Amino acid sequence: DAGVIQSPRHEVTEMGQEVTLRCKPISGHNSLFWYRQTMMRGLELLIYFNNNVPIDDSGMPEDRFSAKMPNASFSTLKIQPSEPRDSAVYFCASSLRVSGNTIYFGEGSWLTVV
Amino acid sequence: AQKVTQAQTEISVVEKEDVTLDCVYETRDTTYYLFWYKQPPSGELVFLIRRNSFDEQNEISGRYSWNFQKSTSSFNFTITASQVVDSAVYFCALRLFNFGNEKLTFGTGTRLTIIP
């Protein structure tokens, strides 16, 4: 079975450019999470969706970040404009919304903003 | 608010030695779930185990074993006869299941290096 699929795997972009990260959750999963990993802050939740509806976006750093989930099989995380401090690994994850169910992670999108 | 503490930042052991990774958690909820994930050098996060708060039975899977003790709020992970392939960063995590609070809260991770 296919796991969580993220694209691009690696992206290098210049400061000020728009960045769009994409995610396809595991088929049948109805919860989707975006996490960011940095050396300074570790793994932190940016936003999560249940049944395509954003539930908690308190981790989104600022208005430059936005996330959408137009349907059950696709989500995007957009940064506009990007800044060097946005350089991080961005993980998408999904789970079936059942009590305590395991959250499975994609391989991550490694973003470098120069 | 929940919290997960992994006090060991880095551990190095010689191959074939046993090693235990510590995890201490904090939550006021009585229903919660504990997880361990492995992050190898390639960077992905690999699920290892899930435990719910009502099941304190220890678990063994091959060379891996987990010790869950509610009395000390700990969920420790032991690797027996370590191998070089075990070198990775290991994360302990806690998950509640309250509407609006279903995220995984991660510890800061323990970097394990197995020396051949």
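Structural data are supplied above this passage.
(A) Structural view of the overall build of chain B. Helix and strand counts for chain B come out as 0 helices and 12 strands. Along its sequence from the N terminus, chain B presents helices and strands in the succession β-β-β-β-β-β-β-β-β-β-β-β. Relative to the compact-globule value of 13 Å for 116 residues, chain B shows a C-alpha radius of gyration of 14 Å, a close match. Dimensions of chain B, computed from the C-alpha atoms along their principal axes, are close to 45 × 30 × 20 Å. For chain B, the residues scored as buried account for 46% of the 116 residues in total. The long-range share in chain B, meaning contacts at least 24 apart out of those at least 6 apart in sequence, stands at 55%. When the accessible surface of chain B is totalled, it reaches about 5,700 Å², and 49% of it is carbon and sulfur. Computing the positive centroid from 11 side-chain charges and the negative centroid from 13, chain B places the two 5 Å apart.

(B) Molecular detail of the nonpolar core. Core analysis: the largest hydrophobic core is formed by 24 residues, its most contacted members being B:Trp36, B:Phe75, B:Phe77 and B:Tyr90. Among the elements of the structure, β2 (10–14), β3 (19–21), β5 (33–39), β8 (64–69), β9 (74–79), β10 (88–95) and β12 (110–115) of chain B are those that each provide at least two residues to this core. Aside from chain neighbours lying at most four places away, what touches B:Phe77 is B:Val19, B:Thr20, B:Leu21, B:Trp36, B:Leu48, B:Tyr64, B:Ser65, B:Trp66 and B:Tyr90. Judged by nonpolar contacts, the second largest core, of 21 residues, contains A:Val19, A:Met60, A:Ala67 and A:Val113.

About the cut-offs
- Residues numbered from 1 in each chain as written.
- Chains lettered and ligands numbered in written order.
- Predicted model: local features only at pLDDT ≥ 70, side-chain atom pairs only at ≥ 80, totals over all residues.
- Heavy atoms only, no water.
- Helix = DSSP H or I, 4+ residues; strand = E, 2+ residues; numbered from the N terminus.
- Rg over C-alpha atoms; globule rule 2.2 N^0.38 Å.
- Buried < 20%, exposed > 50% of the residue type's maximum accessible area, 1.4 Å probe, protein only.
- Contact = heavy atoms within 4.5 Å.
- Areas by Shrake-Rupley, 256 points an atom, 1.4 Å probe, with all protein chains shown as cover.
- Lys, Arg positive; Asp, Glu negative; His and termini not counted.
- Charge placed at Lys NZ, Arg CZ, Asp CG, Glu CD.
- Core = buried A, V, L, I, M, F, W, Y, C linked by side-chain atoms within 4.5 Å.

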